[in-house]
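# Summary of the model geometry
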Amino acid sequence: MLTRIDHIGIACHDLDATVEFYRATYGFEVFHTEVNEEQGVREAMLRINGTDDGGASYLQLLEPVREDSTVAKWLAKNGEGVHHIAFGTADVDTEASDIRDKGVRVLYEEPRRGSMGSRITFLHPKDCHGVLTELVTSAAVESAEH
Ligand code: V0V
Ligand code: CO
């Protein structure tokens, strides 16, 4: 079951300037930042509905750290904007395999490391009516179950 919108990924050229826009305009603060070398991004997570009940969601601001990264390629073609949406689930492995069985291309054989220790995979946008779709199991869910 997909139970929530975990985050919306937004590609930007200048992470610091984009963080400042979201702070000055909406009052959103940075909850977490990291560099994900494998994905080729520097990211800031801005938490929304910031209660501790696990129901929070995030804006994930993404700046490429390599010219050959997926986000750099996307920015060169499209400019800044919404890059992907991510649905939260307690079990990314089962969701990914169920969705693969429906004929949708799941990009990774096994989920990979995502933001804040989560496990993530992606569905091909061409199989999802133009939306790059991520499935994510947060580290909090992982540690509660294992
Ligand atoms: C590409 N396309 C997209 C798209 N990226 N459509 C909607 N949204 C996107 N973000 C379309 C593109 O316009 C082309 O359509 C077609 O797909 C092929 O694209 P391409 O430019 O040739 O690029 P590819 O095929 O080399 O790569 C596209 C895929 C790649 C989706 C395979 O971006 C990928 O592997 N993405 C998953 C990883 C990722 O995005 N990581 C960054 C976020 P036309 O022109 O042929 O019609 S990392 C993250 O979210 C983390 C760490 C986290 O949440 O924790
Ligand atoms: Co993401």
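Computed from a predicted model, the values in this text were never measured in an experiment.

A few words now on the nonpolar core. Of all hydrophobic cores here, the largest spans nine residues; its members are Ile-10, Cys-12, Leu-15, Val-19, Tyr-22, Ala-44, Leu-46, Leu-59 and Leu-61. For this core, the secondary-structure elements that each account for two or more residues are helix H1 (15-26), strand S3 (41-48) and strand S4 (57-64). If one sorts the elements of this core by residue count, H1 sits on top with three residues. When residues no more than four places from it in sequence are discounted, the contact partners of Leu-15 are Arg-42, Glu-43, Ala-44, Leu-61, Leu-62 and Glu-63. Counting residues in each nonpolar core, the second largest holds eight residues, with Val-92, Ala-96, Val-104 and Cys-128 among its members.

What follows deals with the pattern of salt bridges. Overall, the coordinates contain nine salt bridges when judged by the stated rule. Among the salt bridges present, the one from Glu-20 reaches Arg-23, with a minimum N-O distance of 2.8 Å. With Glu-20 and Arg-23 both in helix H1 and three residues apart, this pair spans about one turn of that helix. The exposure class assigned to Arg-23 is partly exposed, which follows from its relative accessible area of 37%. Note that Asp-93 is salt-bridged to Arg-119, the shortest N-O span being 2.8 Å. Here the residue Asp-93 occupies a position in helix H3 (residues 92-101), and Arg-119 occupies one in strand S7 (residues 119-123), the gap between them amounting to 26 residues. When its relative accessible area of 22% is taken as the criterion, Arg-119 is described as partly exposed. Where salt bridges share partners, they join Asp-16, Arg-42 and Glu-63 into one cluster.

Next up on the list: the pairing of strand S8 (residues 133-137). As a general feature of sheets, a regular strand has side chains that alternate between the two faces. For S8, the tally of buried residues reaches five of five residues, placing the bulk of the element in the interior. Residues Thr-133, Leu-135 and Thr-137 line one face of S8 and the alternating positions Glu-134 and Val-136 line the opposite face, and both faces are buried. For strand S5 (residues 81-89) and S8, the ladder comprises four bridges, and the chain directions are parallel. Following the sheet pairing, Ile-85 is matched in S8 by Thr-133. Pairing between S7 and S8: five bridges, direction antiparallel. The residue of S8 that forms the bridge with Arg-119 is Thr-137.

Neighbouring ligand 1 are 23 residues; Lys-73, Lys-77, Ser-115, Lys-126 and Glu-134 lie closest to it. Trp-74 places a polar side-chain atom, nitrogen or oxygen, 3.4 Å from a nitrogen atom of ligand 1. Measuring from an oxygen atom of ligand 1, one finds a side-chain N or O atom of His-84 at 3.0 Å. In the complex, the protein chains occlude 74% of the 1100 Å² of accessible area that ligand 1 would expose alone. Those elements giving two or more residues to the shell around ligand 1 turn out to be helix H2 (70-78), S5 and S7. With five residues, the top contributor of residues to the shell around ligand 1 is H2. Its residues assigned to classes, the shell around ligand 1 shows eight nonpolar, ten polar and five charged.

In this section: the coordination of the cobalt ion (ligand 2). Binding of the cobalt ion (ligand 2) to the protein goes through His-7 (NE2), Gln-60 (OE1), His-84 (NE2) and Glu-134 (OE), at separations of 2.1 to 2.2 Å. By relative accessible area, which is 2% here, His-7 ends up buried.

The rules behind each value
- Residues numbered from 1 in each chain as written.
- Chains lettered and ligands numbered in written order.
- Predicted model: local features only at pLDDT ≥ 70, side-chain atom pairs only at ≥ 80, totals over all residues.
- Heavy atoms only, no water.
- Core = buried A, V, L, I, M, F, W, Y, C linked by side-chain atoms within 4.5 Å.
- Buried < 20%, exposed > 50% of the residue type's maximum accessible area, 1.4 Å probe, protein only.
- Helix = DSSP H or I, 4+ residues; strand = E, 2+ residues; numbered from the N terminus.
- Contact = heavy atoms within 4.5 Å.
- Salt bridge = Lys/Arg side-chain N within 4 Å of Asp/Glu carboxyl O.
- Pairing = 2+ DSSP bridges.
- Near = heavy atom within 4 Å.
- Polar contact = N/O pair within 3.5 Å; in protein donor to acceptor, adjacent residues only side chain to side chain.
- Areas by Shrake-Rupley, 256 points an atom, 1.4 Å probe, with all protein chains shown as cover.
- Nonpolar A, V, L, I, M, F, W, Y, C, P; charged D, E, K, R; others polar.
- Donors = N, O, S within 2.8 Å, 3.2 Å for Na, K, Ca; no water.

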